[in-house]
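These are the residues of each chain, in order.
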Amino acid sequence: MELGKGFLIFLTIVNFLCIPVFGAQRPPVWEDFCPKGLENAEYKEIQWFWPEGTKSTQAIYNYWAKRREEFKAGLAECDDIEGGVNYSCYETLKERQLFVNEQYNKDIKQKQITNQIWLDDHDKGSKPIMINIFMK
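Scoring rules and cut-offs
- Residues numbered from 1 in each chain as written.
- Predicted model: local features only at pLDDT ≥ 70, side-chain atom pairs only at ≥ 80, totals over all residues.
- Heavy atoms only, no water.
- Disulfide = S-S within 2.5 Å.
- Helix = DSSP H or I, 4+ residues; strand = E, 2+ residues; numbered from the N terminus.
- Buried < 20%, exposed > 50% of the residue type's maximum accessible area, 1.4 Å probe, protein only.
- pLDDT = per-residue confidence, 0-100.
- Phe/Tyr/Trp six-rings, centres within 6.5 Å; stacked < 30°, edge-to-face > 60°.
- Core = buried A, V, L, I, M, F, W, Y, C linked by side-chain atoms within 4.5 Å.
- Salt bridge = Lys/Arg side-chain N within 4 Å of Asp/Glu carboxyl O.

Observations regarding the state of the cysteines
So, step 1. Tallied over the entire structure, the rule returns one disulfide.
So, step 2. At a sulfur-sulfur separation of 2.0 Å, the disulfide partner of C78 is C89. Disulfide C78-C89: the torsion about the S-S bond is -75°, which places it as left-handed. Of the two residues, C78 is situated in helix α2 (residues 52-80) and C89 in helix α3 (residues 86-125); the sequence distance between them amounts to eleven residues. Both residues of the pair, C78 and C89, count as buried.

Brief notes about the confidence of the model for the protein
So, step 1. Averaged over all residues, the pLDDT of the protein is 82; the fraction at 70 or higher stands at 71%.
So, step 2. When mean pLDDT is taken per element in the protein, α2 scores highest with 96 and helix α1 (residues 2-24) scores lowest with 52.

Some words on the packing of aromatic side chains
Each aromatic ring pair is summarised here by two numbers: the centre-to-centre distance and the angle between the ring planes.
So, step 1. One pass over the full model with this rule turns up seven aromatic pairs.
So, step 2. On the numbers, 6.1 Å between centres and 55° between planes, the contact of W30 with W64 is tilted. Pair noted here: W30 is in the loop between α1 and α2 and W64 is in helix α2, with a separation of 34 residues, a long-range link. The same class applies to W30 as to W64, namely buried.
So, step 3. A ring pair is formed by W30 and F71, whose centres lie 5.5 Å apart and whose planes are at 40°; its orientation type is tilted. Of this pair, W30 sits in the loop between α1 and α2 while F71 is found in helix α2, placing the two residues 41 residues apart along the sequence.

Side note on the nonpolar core
So, step 1. Counting residues in each nonpolar core, the largest one holds 14 residues, and the members touching the most others are W30, C34, W64, F71, L75, C78 and L93.
So, step 2. Of all the secondary-structure elements, those providing two or more residues to this core are α2 and α3.
So, step 3. Considering each element in turn, this core owes the most residues, five residues, to α2.

A few points about the environment of A59
So, step 1. Within the secondary structure, A59 is located in helix α2.
So, step 2. A relative accessible area of 36% means that A59 is categorised as partly exposed.
So, step 3. Sequence spacing of A59 and I46 is 13 residues, and the spatial spacing of their C-alpha atoms is 7.5 Å.

Overview of the pattern of salt bridges
Should their charged atoms come close, side chains of opposite charge can pair.
So, step 1. For the structure shown, the criterion picks out four salt bridges.
So, step 2. E52 serves as the salt-bridge partner of K55, at 3.4 Å between the closest nitrogen and oxygen. Within this pair, K55 and its partner E52 are both found in helix α2, separated by three residues, close to a single helical turn.
So, step 3. The exposed category is assigned to E52, whose relative accessible area is 58%.
So, step 4. K106 is the salt-bridge partner of E102, the closest N and O atoms lying 3.6 Å from each other. In this pair, E102 and K106 are both assigned in helix α3, four residues apart and thus about one turn of the helix distant.

Written out as structure tokens, the structure is:
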């Protein structure tokens, strides 16, 4: 009875110790880094005659399509590494994707702030002035 209990404890400890090591070897997946709905974004050349809303939407699709291709290329490089050390390559790829996402989000926020400042400044100079044209 004692041997069975000890063996169960041993397996539990080994399981907890191995999860971080083997979990790190799992290749990252694109869906972990890409916004929902843009996982399969298609790159298309933006046409000059498209409406501005369509152009800006396609620019977002193009950005994520290009990022996906870069991710796949990095993943393929990691997969080609032999000798069981590709897990560090996966970690580097994951860290890079997280960093690029952070920079992307900062850029989006900065553009929003810049646009809001422009709108605020533009609104100040374009307020209508009421003039009484019916003088007595």
